[in-house]
Protein chains: 2
Amino acid sequence: MAVNFPSIDPEQLYPVAGVTLGWAEANIRKPNRKDVLVMSIEEGATVAGVFTTNRFCAAPVTVCRKHLAKGNGIRALVVNTGNANAGTGEPGLAHARETCAEFARLAGIAPEQVLPFSTGVILEPLPIDRLKAGLPVALSNLRAAHWYEAAHSIMTTDTQPKAASRQVSIEGHSVTLTGISKGAGMIKPNMATMLGFLAFDAAVAQPVLDALVKEVADRSFNCITIDGDTSTNDSFILIASGKSSLPPITSTTTPAYAELRNAVVEVAQTLAQLIVRDGEGATKFITVRVEGGTSVAECRQIAYAIGHSPLVKTAFYASDPNLGRILAAIGYAGVTDLDVAKIDLYLDDVHVAKAGGRHPEYREEDGQRVMKQSEITIRVLLGRGSADATVWTCDLSHEYVSINADYRS
Amino acid sequence: MAVNFPSIDPEQLYPVAGVTLGWAEANIRKPNRKDVLVMSIEEGATVAGVFTTNRFCAAPVTVCRKHLAKGNGIRALVVNTGNANAGTGEPGLAHARETCAEFARLAGIAPEQVLPFSTGVILEPLPIDRLKAGLPVALSNLRAAHWYEAAHSIMTTDTQPKAASRQVSIEGHSVTLTGISKGAGMIKPNMATMLGFLAFDAAVAQPVLDALVKEVADRSFNCITIDGDTSTNDSFILIASGKSSLPPITSTTTPAYAELRNAVVEVAQTLAQLIVRDGEGATKFITVRVEGGTSVAECRQIAYAIGHSPLVKTAFYASDPNLGRILAAIGYAGVTDLDVAKIDLYLDDVHVAKAGGRHPEYREEDGQRVMKQSEITIRVLLGRGSADATVWTCDLSHEYVSINADYRS
């Protein structure tokens, strides 16, 4: 049921020099599916990540944070699906560490140079022996051209593999960026999405990359929501392989940084939006744009209140212009000094509410026309400042309930 | 699909001396249904209310606040269903005022002695002429015994009328309490529920009643959630008719106050829980109890995160013990210094998680057994203090989506 999901041409996913990818069918939860991914990174790259703010973060997230803090030299990412290794306590941490140690042994690197990732069911022990058995298989098929297969191998309830790629020229040097993501439910990233990996070949100094990954996450994965459930395993990783001829970027204040950032944001936004387009049970892709606020934070707060409201989401599913539900969500978003008499509401080009009430010329047929579309923009004007924020979300359908009532069976 | 909804015996809804109720079929939205209720209150009563915190509060809520602030002498409540008179701007306010004026004219009282209430669709003009035409009809059938019909006349998507009644003895004097409520969706009261009216015959001084209504709301209607959507029209009203022989209660520190409060809380909790039991599409009644917190606020925050999670709610619908979703919700609830290694999780008597991980003796069959019940208690022990909080909620089913996709049609 993905919404206007673009068909992804494997040929258009450009290899990123310095990065190879391999996969295995390790039978983590179900047989005959790619469920282990290895991303191998040549020496000299920098790697940065942002992770879930969920206090029940998964064991691999804890290990990732530790390994990234060690000063880097990250050489590989190991990802499994089918099991989140979250809510697994001390044994879970031991499993995450064992994953790194085993891969390090096979690849001849140090365990601290490996970042582990897991996604799937929470509160169940990771089948560590099956995972370990898959690692040599994944190692044996490492290829720079495996991005499409890699996107496949991290899917859980996703119906579509998610990938995006770009080539840009920065100061006359070609830079290639390719990324993959996964996720369709438990999506309300707060620092990053379920899983997103984005590599490019420009060289970026570690502190600059650390800043970049936050900036990009805030403008892409941190702007989406499907069901408001922040996952235990959200992780978004940037890999700067350094193989481009572009001179290393060592400051966030140069034009080259800005150009790279814009390219990375574009790829990351595409990856984030693909997650919403493939949202569990989604039939509509909805952009919620809140303008005229006193801060980005309050605009986001209101945009998320709209994006999370089950009543708004079901109305969109039904193409029912029951748009008072949007006003109700704006009103309970928690902006306590909001003057509703200043608020305007648009649905695409249709002016629905003016100065806090129904626009005198608003006709329900016009609202209905927009509601029937598969891509809809809700625009809220607060009339109290100059800040704005955008959130991408989807509707709430019978299918969402079916998927999540049956996920494990 | 209401969950273990008790059959309400009209004979067990005790009249409250000093209060009469009448209704009309005014064709507000649909023909042939009771959609206007009048509650008439004899002179000498005190009345207090709490209302929605939604900034887009409905016009009648604004008028209610104003009339209550005028120093009271409230003599009537006028309620319509089918239209919320919210998001209606200045014309909506005029309609709410006109409702009061018209009723006051008919009843020979002042407009400021009337409190108006509306519930139904947002963003549509109130059909004021039809409402006004219904008022003489409602006036003509005022009876002290009409509580059951009154509960019927305020229903919208409710499948069941909601009412509760008690007689208690306080210091040897009989006190009668009867209340009605409505609501099944857009339920996450924040100060009060969609609509709740509770009358008793004890005399209570105005400042004491003002304190009592807040205390009762916090322990009843403010502890429920169906879909996390705080309505624009939430209102909870206490009427103290003063007809009981119990001497007037003029302080919140007397034993008589405590006895009355406990009785009111009990009736209000029943009314609040009836709303959850009749929650849109509900198949399970779920009590979320969070203990061992440093404050009631953080316990409520975590209880609400669990109660709002679509993933938790769909798992309960499916009777699927995918209980890691509860841990995820605890983790993202926003208690930033939460130490998950101290958390225990129970499902009724089954110890699911211990010290932040799966309990070694937890067996999925045991979780499954509890999940299949229609009444389930989720108990979370935070292990960091002595505060606790309870929230009542329901599951999320296909039927919820159907109801809300079709509500207006």
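This structure is a prediction, so every number in the text was calculated from the model and none was measured.

### Describing the overall build of chain A
Counting secondary structure elements, chain A contains eleven helices and 15 strands. Taken over the C-alpha trace, chain A has a radius of gyration of 22 Å; the compact-globule value for 409 residues is 22 Å, and the two agree within 12%. Here the C-alpha coordinates of chain A stretch approximately 70 × 50 × 40 Å along the principal axes. Summing over all exposed atoms, chain A offers an accessible surface of approximately 13,500 Å²; the carbon and sulfur share of this is 49%. With 37 positive and 43 negative side-chain charges, chain A shows a spacing of 3 Å between the two charge centroids.

### Here's the deal with helix α2 (residues 89–107) of chain B
Helical geometry: 3.6 residues make up each α-helical turn, so side chains three or four residues apart lie on a common side. All names here are of chain B. Helix length check: α2, at 19 residues, gives a terminal C-alpha distance of 28 Å against a target of 27 Å (1.5 Å per residue), a fit within 8%. For α2, the full list of buried residues reads Gly92, Leu93, His95, Ala96, Thr99, Cys100, Glu102, Phe103 and Ala104. Looking at the buried side of α2, the elements it contacts are β2 (36–41), α1 (59–69), β4 (76–83), β5 (114–121) and α3 (128–140). Count one or two residues on from α2 and you reach glycine 108, which has phi positive near 70°.

### Examining helix α10 (residues 364–371) of chain B
Residues and elements named next belong to chain B. Burial in α10 covers these residues: Asp366, Gly367, Val370 and Met371. An end-on view of α10 places all buried positions within 135° of arc, on one side of the element. On its buried face, α10 is in contact with α8 (310–317), β11 (344–347), β12 (350–354) and β14 (375–381).

### A look at the sheet that holds strand β11 (residues 344–347) of chain A
Residues and elements named next belong to chain A. Here six strands make up an open sheet; going across it, the order is β13-β12-β11-β14-β10-β15 and the pairing mixed. Of all the strands in the sheet, just β13 (357–358) and β15 (387–394) have a single pairing partner and so form its edges. Relative to β15, strand β10 (residues 285–293) runs antiparallel, the two being bridged by seven bridges. If you follow phenylalanine 285 over to β15, its bridge partner there is cysteine 394.

### Observations concerning the relation of the copies chain B and chain A
When chain B is fitted to chain A, the residual RMSD is 0.0 Å, and the transformation amounts to a turn of 180° plus an axial shift of 0.0 Å. Overall, the copies show the geometry of a two-fold rotation axis. Closest approach to the rotation axis within chain B is made by the C-alpha atom of B:His398, at a distance of 2.7 Å. A shared interface surface links the copies, since 100% of the contact residues of chain B are contact residues in chain A too.

### Some words on the packing of helix α5 (residues 206–218) of chain B against helix α6 (residues 255–277) of chain B
All names here are of chain B. Two numbers describe how α5 lies on α6: the axes approach to 10 Å, and their chain directions differ by 40°. Taken as axis vectors, α5 and α6 run oblique relative to one another. Seen from above, α5 lies across α6 with right-handed handedness. For the pair α5 and α6, the contacting residues are Val208, Ala211, Leu212, Glu215 and Val216 in the first and Tyr257, Leu260, Arg261, Val264, Val265 and Ala268 in the second. Split by residue class, the contact of α5 with α6 holds nine nonpolar, no polar and two charged.

### Quick word on the interface of chain B and chain A
Contacts between the two partners involve 57 residues from chain B and, on the opposite side, 57 residues from chain A. Of the roughly 4,700 Å² buried where chain B meets chain A, counting both sides, 61% is carbon and sulfur surface. Across the contact surface, chain B and chain A share zero salt bridges. Where chain B packs against chain A, one counts 18 residue pairs in polar contact (both at pLDDT 80 or more). Of all the elements in the fold, those that place two or more residues in the side of chain B that touches chain A are α8, α9 (324–332), β13 (357–358) and α11 (398–406) of chain B.

### A few points about the sheet that holds strand β8 (residues 195–200) of chain B
Residue and element names in this part refer to chain B. Judged by pairing direction, the sheet is mixed, and its five strands sit side by side in the order β3-β9-β8-β7-β6 without closing on themselves. Strand pairing shows two members of the sheet lacking a second neighbour, β3 (46–51) and β6 (162–170), which therefore form its edges. Ignoring strand direction, the axes of neighbouring strands in this sheet form an average angle of 15°. Bridge count for β3 against strand β9 (residues 235–240) is six bridges, and the pairing is antiparallel. Within β9, the position partnered with valine 50 by the bridge is phenylalanine 236. Packing against the sheet, α1 makes contact with β3 and β9, and its axis sits at approximately 140° to β3.

### Looking at the UniProt feature "binding site: substrate" (unreviewed entry) in chain A
Residue and element names in this part refer to chain A. Under the UniProt annotation, the feature "binding site: substrate" (unreviewed entry) is placed at Thr156, Lys182, Thr193, Glu280, Asn404 and Ser409. Inspection of the secondary structure assignment puts glutamate 280 in the loop between α6 (255–277) and β10. The buried category is assigned to glutamate 280, whose relative accessible area is 5%. The contact partners of glutamate 280, leaving out residues within four places of it in the chain, are Thr157, Ala184, Gly185, Ile226, Tyr400, Ile403 and Asn404. At 2.7 Å, the side chain of glutamate 280 forms a polar contact with the side chain of threonine 157.

### What to know about the packing of aromatic side chains
When we look at a pair of aromatic rings, we describe it by the centre distance and by the angle of the planes. Taken as a whole, this structure holds two aromatic pairs over all chains when the rule is applied. Arranged with centres 5.0 Å apart and planes meeting at 80°, the rings of A:Phe117 and A:Phe197 form a pair that is edge-to-face. Of the two residues, A:Phe117 is situated in strand β5 (residues 114–121) and A:Phe197 in strand β8 (residues 195–200); the sequence distance between them amounts to 80 residues. Assigned by exposure class, A:Phe117 and A:Phe197 land together as buried. Over the face of the ring belonging to B:Trp23 we find B:Lys34, whose NZ or CZ atom lies 4.7 Å from the ring centre.

### Digging into the layout of surface pockets
In this structure, the second largest pocket encloses a volume near 430 Å³. Along its surface, the second largest pocket is lined by 23 residues, and A:Val340, B:Arg55, B:Phe56, B:Cys57 and B:Thr62 are the ones closest to its centre. For the lining of the second largest pocket, the secondary structure elements donating two or more residues are α1 and α2 of chain B. Class assignment of the residues belonging to the lining of the second largest pocket gives a composition of ten nonpolar, nine polar and four charged.

### A few points about the pairing of β12(B)
Residue and element names in this part refer to chain B. With respect to burial, β12 is a largely interior element, four of its five residues being buried. Direction of pairing for β11 relative to β12: antiparallel, over a ladder of three bridges. Across the sheet, the residue bridging to tyrosine 346 is histidine 351, located in β12. Taking the residues that link successive antiparallel strands as the turn, the β11-β12 hairpin has two residues, and the phi of aspartate 348 there is positive, at about 50°. Alignment of β12 against β13, held across two bridges, turns out to be antiparallel. For alanine 353, the partnering residue across the bridge sits in β13 and is arginine 358. Between the end of β12 and the start of β13, which pair antiparallel, lie two residues, with alanine 355 showing a positive phi angle near 50°.

### Remarks on the pattern of salt bridges
Within the structure shown, the criterion is met by 40 salt bridges over all chains. We note a salt bridge from B:Lys243 to B:Glu42, for which the minimum N-O separation is 2.9 Å. Here B:Lys243, found in the loop between β9 and α6, pairs with B:Glu42, found in the loop between β2 and β3; they are 201 residues apart in sequence, far enough to count as distant. Across the pair B:Arg219 and B:Glu215 runs a salt bridge whose closest N-O atoms are separated by 3.8 Å. Taking relative accessible area as the criterion, B:Arg219 reaches 35% and is therefore assigned partly exposed. Sharing partners across several salt bridges, the network here consists of A:Arg289, A:Glu291, A:Arg379 and A:Asp388.

Cut-off values and rules
- Residues numbered from 1 in each chain as written.
- Chains lettered and ligands numbered in written order.
- Predicted model: local features only at pLDDT ≥ 70, side-chain atom pairs only at ≥ 80, totals over all residues.
- Heavy atoms only, no water.
- Helix = DSSP H or I, 4+ residues; strand = E, 2+ residues; numbered from the N terminus.
- Rg over C-alpha atoms; globule rule 2.2 N^0.38 Å.
- Areas by Shrake-Rupley, 256 points an atom, 1.4 Å probe, with all protein chains shown as cover.
- Lys, Arg positive; Asp, Glu negative; His and termini not counted.
- Charge placed at Lys NZ, Arg CZ, Asp CG, Glu CD.
- Expected span 1.5 Å × (residues − 1).
- Buried < 20%, exposed > 50% of the residue type's maximum accessible area, 1.4 Å probe, protein only.
- Contact = heavy atoms within 4.5 Å.
- Arc of directions from axis to C-beta.
- Pairing = 2+ DSSP bridges.
- Least-squares fit on C-alpha atoms with pLDDT ≥ 70 in both.
- Axes fitted to C-alpha atoms, helices over the stretch in contact; angles between N-to-C directions.
- Parallel < 35°, antiparallel > 145°, perpendicular 65-115°, else oblique.
- Left-handed = near helix turned anticlockwise from the far one by under 90°.
- Nonpolar A, V, L, I, M, F, W, Y, C, P; charged D, E, K, R; others polar.
- Buried area = accessible area lost by both parts, 1.4 Å probe.
- Salt bridge = Lys/Arg side-chain N within 4 Å of Asp/Glu carboxyl O.
- Polar contact = N/O pair within 3.5 Å; in protein donor to acceptor, adjacent residues only side chain to side chain.
- UniProt positions renumbered as here; feature names shortened; annotations may be inferred.
- Phe/Tyr/Trp six-rings, centres within 6.5 Å; stacked < 30°, edge-to-face > 60°.
- Lys NZ or Arg CZ within 6 Å of the ring centre and 35° of its normal.
- 1 Å grid on protein atoms, 1.4 Å probe; cavity = no way out; pocket = protein on both sides within 12 Å on 5 of 7 lines; lining within 4 Å.
- Points joined across faces, edges and corners; volume = space filled by probe spheres on them.

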